[in-house]
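If you want the building blocks of each chain, they are given just below.
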Amino acid sequence: MRIVIVSDTHLRHDFALPDGDMLLHCGDETMDGRTKQLKAFGEWLAAAPHRHKIVIAGNHELTLERFRSFPKRYWPEAVYLQDSAVTIEGLKIYGSPWQPWFHDWAFNLPPGERLARKWAMIPDDTDILVTHGPPQGILDTVRGEETGLGCADLLERVQRVQPALHAFGHIHSANGALVSGKTLFVNASICDEEYQATQKPWIVDIGADGIVLGYRQP
């Protein structure tokens, strides 16, 4: 299966979207989640050629934290995951939007017990994990700063589950991919720190057995 991964598009859809079997969007589809913006993203999503479309929310989707029915209403083309899983062509995909407290945006939780409980919900047999924010120390550093913004509790859970692929965004300047242990980590932020769509999606080929066969940018 060919998976195309994007994140943090913020309605800046003037970038080349590669074709593939599945499109993963790791959140921050909009600027603040107002219904007009949700509709606009839904129109872009409907035009995407991928057979399967999986989306989660990000910290900018303020309305989705309060109205969980909105994704089904405005994004009928997609499977919306919020602390939930779906199995597609034998691959189990789990999605969650939460992150360590970040200003006064959506899906914030304080580090520690409450956030760890969210990550404990990730099934042990997850093949593909989709979160909005990164785990601590992995593609989580804002350019020019010494410390990252990733979640230590998420890192601990990912190291236990060891999914084949962990896709996320949130930290715009950390677009990239790396392998650690059995997991390919991908930060697929499309927008840069100035909210311009200057960065590329990631393409991941994964077998039916859940093994990553290759990854690249177009």
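Residues numbered from 1 in each chain as written. Predicted model: local features only at pLDDT ≥ 70, side-chain atom pairs only at ≥ 80, totals over all residues. Heavy atoms only, no water.

Engineer: Help me out: how do you make sense of the pattern of salt bridges in this one?
Structural biologist: Pairs may arise between side chains of opposite charge once their charged atoms sit close together. By the definition in use, this model includes nine salt bridges. One salt bridge in this structure joins Lys 118 and Asp 83, with 3.6 Å as the shortest N-O distance. Remark: Asp 83 occurs in the loop between strand E4 (79–80) and strand E5 (84–88) and Lys 118 occurs in helix H4 (residues 113–120); sequence separation between them is 35 residues. Residue classification places Lys 118 among the partly exposed positions, given a relative accessible area of 22%. Taking relative accessible area as the criterion, Asp 83 reaches 15% and is therefore assigned buried. With a shortest N-O distance of 3.0 Å, Arg 117 and Glu 113 are connected by a salt bridge. (Salt bridge = Lys/Arg side-chain N within 4 Å of Asp/Glu carboxyl O. Helix = DSSP H or I, 4+ residues; strand = E, 2+ residues; numbered from the N terminus. Buried < 20%, exposed > 50% of the residue type's maximum accessible area, 1.4 Å probe, protein only.)

Engineer: Before we go on, may I ask you to explain the nonpolar core in this structure?
Structural biologist: The nonpolar side chains of a soluble globular protein tend to be buried, and buried together. The biggest cluster of nonpolar side chains holds 38 residues, and the ones touching the most others in it are Leu 45, Leu 64 and Trp 75. The set of elements that each furnish at least two residues to this core consists of strand E1 (2–6), helix H1 (35–47), helix H3 (70–74), H4 and helix H5 (152–161). Discounting chain neighbours no more than four positions away, the residues touching Trp 75 are Glu 29, Leu 38, Phe 41, Gly 42, Leu 45, Val 55, Leu 64, Phe 70 and Tyr 80. Formed by 23 residues, the second largest nonpolar core is a distinct cluster that contains Cys 26, Ala 164, Ala 188 and Val 204. (Core = buried A, V, L, I, M, F, W, Y, C linked by side-chain atoms within 4.5 Å. Contact = heavy atoms within 4.5 Å.)

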